[in-house]
Amino acid sequence: MKKKLKAVDFFCGGGGFTCGLKKAGIEVLLGIDIDINCKETYEKNNKVEFLGEDIRLLELDELKKYSVKKNDNNIVFIGCSPCQYWSIISTDKKKSKESKNLIEDFFRFVDYYRPGFLVIENVPGLASSKESPINHFQERISELGYTFTTQILNASDFGVPQNRKRFILIASRITKNLDILKPKHRMKKTVRDVLGKNNGFHPIEAGFKDETGLQHSCAGLSEVCLERLSLTPKDGGNRLSWSNNPKLQLKTYIGKDNSFKDSYGRMFWDKPSPTITTKFFSISNGRFAHPEENRAISIREGATLQSFPKTYKIYADSMAVQARIVGNAVPPLLSKAIGEHILAYVK
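Residues numbered from 1 in each chain as written. Predicted model: local features only at pLDDT ≥ 70, side-chain atom pairs only at ≥ 80, totals over all residues. Heavy atoms only, no water.

Remarks on the pattern of salt bridges
Charged atoms that come close allow side chains of opposite charge to pair.
For step 1, the next point in the chain: For the structure on display, the rule yields 17 salt bridges.
For step 2, the next point in the chain: One salt bridge in this structure joins R56 and D54, with 3.0 Å as the shortest N-O distance.
For step 3, the next point in the chain: Note on D54: relative accessible area 15%, which makes it buried. (Salt bridge = Lys/Arg side-chain N within 4 Å of Asp/Glu carboxyl O. Buried < 20%, exposed > 50% of the residue type's maximum accessible area, 1.4 Å probe, protein only.)

Here it is, written out as structure tokens:
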């Protein structure tokens, strides 16, 4: 008889990975994250306890309170540590420097409990940077008797309507025959497949506040930004359409038409969306304008492009925090595929 697989979701955030694992039929025992803003979203949607602790300070024995045992072949430790420091997106790395080596703190728990399986999900930069801790992590788990596979995959190959490339490590202590994760969908889902009127998203204007549970709310825009979007061609247009207009052109882009071309751009209807970041509610931070409406995509549209069910509510007081919870999440359809892949090895 096949035993039920269990999991502990370290760095769980708002619960994208947990949501997908549960859809795969895996029982999640606990979610752990330092960001207490994620607690309500995680617990109310997944019915799993959220432990709001800093993994660097968390006592190893704490997990025993949640039925986590040593050398359990039927448990998975998920370690999707914050990825901002390793991202290729140009951001100030000072804030994220503190969290760049959290994978080493994750290893403390791996070494102590020796779970049957491990999963690490992160940006591709984690695998390519010379100063990345992943090589040392791989050496150490090999010494513990783990076999592992690594790959860079795109969430769009697993039913997620979004181009989102990620580094994935899957390791096991109970099998030597691990295979890489193979794409499940030949036909990629596009923005049109999940957004628009036919999918329950009625047209709204910039600044609309949705009072229903759908959370189809979007950020407001200044008059000049509304004018910019009105001149941006529908279905994939970009800021070059108004780059010669002295009133509308931004000083930072003068003479730099090839820099950050996606900023202020519209999504394409018939392509997967760009990577949904924590700033997807802002048109200045990427190609996050609606394909035809003069606004940024809404919170629910962002969550849908991340493959969250429409019933998955994001609990936060501000749109910025809601967007951060959504943008930081592992797409549930991707984690579901990872969970199903691991389940095949459990006998």
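On we go.
Remarks on the sheet that holds strand β7 (residues 165-172)
For step 1, the next point in the chain: The sheet built from seven strands is open, its strands ordered β3-β2-β1-β4-β5-β7-β6 with mixed pairing. Of all the strands in the sheet, just β3 (50-51) and β6 (147-154) have a single pairing partner and so form its edges.
For step 2, the next point in the chain: As defined by bridge partners, strand β4 (residues 75-79) adjoins strand β5 (residues 117-122) across three bridges and the pair is classed as parallel. Across the sheet, residue V76 finds its bridge partner in β5, namely F117. (Pairing = 2+ DSSP bridges. Helix = DSSP H or I, 4+ residues; strand = E, 2+ residues; numbered from the N terminus.)

A word on the state of the cysteines
For step 1, the next point in the chain: For the structure on display, the rule yields zero disulfides.
For step 2, the next point in the chain: Summary of cysteine pairing: C38 is not part of a disulfide, and the nearest cysteine sulfur, belonging to C12, is at 6.9 Å. (Disulfide = S-S within 2.5 Å.)

Some remarks on the side chain of H341
For step 1, the next point in the chain: Tracing the chain through its elements places H341 in helix α10 (residues 332-343).
For step 2, the next point in the chain: On the basis of relative accessibility, which here comes to 13%, the residue H341 falls in the buried class.

Things to note about helix α9 (residues 319-328)
For step 1, the next point in the chain: In terms of residue burial, α9 counts as a mostly covered element, since seven of its 10 residues are buried.
For step 2, the next point in the chain: Residues M319, V321, Q322, A323, I325, V326 and G327 constitute the buried set of α9.
For step 3, the next point in the chain: Looking at the packing, one finds that the buried side of α9 touches α2 (39-46) and α8 (299-305). (Contact = heavy atoms within 4.5 Å.)

Describing the packing of helix α1 (residues 16-24) against α10
How two helices pack is summed up by the angle between their axes together with the distance between the axes.
For step 1, the next point in the chain: Where α1 meets α10, the closest approach of the two axes is 7 Å, and the angle between their N-to-C directions is 50°. Judged by the inter-axis angle, α1 sits oblique to α10. Considering how the two elements wind past one another, α1 and α10 form a crossing that is right-handed. Residues G16, F17, C19, G20, L21, K23 and A24 of α1 lie in contact with α10, whose contacting residues are P332, S335, K336, I338, G339, E340 and L343.
For step 2, the next point in the chain: Split into classes, the residues belonging to the contact of α1 with α10 amount to seven nonpolar, four polar and three charged. (Axes fitted to C-alpha atoms, helices over the stretch in contact; angles between N-to-C directions. Parallel < 35°, antiparallel > 145°, perpendicular 65-115°, else oblique. Left-handed = near helix turned anticlockwise from the far one by under 90°. Nonpolar A, V, L, I, M, F, W, Y, C, P; charged D, E, K, R; others polar.)

Description of α1
For step 1, the next point in the chain: Of all nine residues making up α1, seven are buried, and the element is well covered by its neighbours.
For step 2, the next point in the chain: Those residues of α1 lying buried are G16, F17, T18, C19, G20, L21 and A24.
For step 3, the next point in the chain: Against β1 (6-10), β2 (27-32), α2, β4, β5 and α10 lie the buried residues of α1.
For step 4, the next point in the chain: Following α1 by one or two positions, G25 has its phi on the positive side, about 100°.

What to know about the packing of aromatic side chains
For step 1, the next point in the chain: All told, the structure shown has 10 aromatic pairs when counted by the stated rule.
For step 2, the next point in the chain: An aromatic cluster of three or more residues is present, and its members are F10, F77, F106, F107, F109, Y112, Y113 and F137.
For step 3, the next point in the chain: Positioned above the aromatic ring of Y112 is the side chain of K70, whose terminal nitrogen or guanidinium carbon lies 4.0 Å from the ring centre.
For step 4, the next point in the chain: Across from the ring centre of F201, 4.6 Å away, lies the NZ or CZ of K310, which sits over that ring. (Phe/Tyr/Trp six-rings, centres within 6.5 Å; stacked < 30°, edge-to-face > 60°. Lys NZ or Arg CZ within 6 Å of the ring centre and 35° of its normal.)

Digging into the environment of G159
For step 1, the next point in the chain: Looking at the element boundaries, G159 is found in the loop between β6 and β7.
For step 2, the next point in the chain: By relative accessible area, G159 is classed as buried at 3%.
For step 3, the next point in the chain: A C-alpha to C-alpha distance of 7.6 Å links G159 and L334, two positions 175 residues apart in sequence.

Overview of the pairing of β4
For step 1, the next point in the chain: Judged by how many residues are buried, β4 sits mostly within the fold: five of five residues are covered.
For step 2, the next point in the chain: Burial along β4 is two-sided: the face carrying I75, F77 and G79 and the face carrying V76 and I78 are both buried.

Quick notes on the side chain of D72
For step 1, the next point in the chain: Here D72 is to be found in the loop between β3 and β4.
For step 2, the next point in the chain: For D72, a relative accessible area of 13% puts it in the buried group.
For step 3, the next point in the chain: Within the local environment of D72, its side chain forms a polar contact with the side chain of K6, the two groups lying 2.7 Å apart.
For step 4, the next point in the chain: Residues contacting D72, with those up to four places away along its chain left out, are K6, Y113, R114, P115, G116 and R173. (Polar contact = N/O pair within 3.5 Å; in protein donor to acceptor, adjacent residues only side chain to side chain.)

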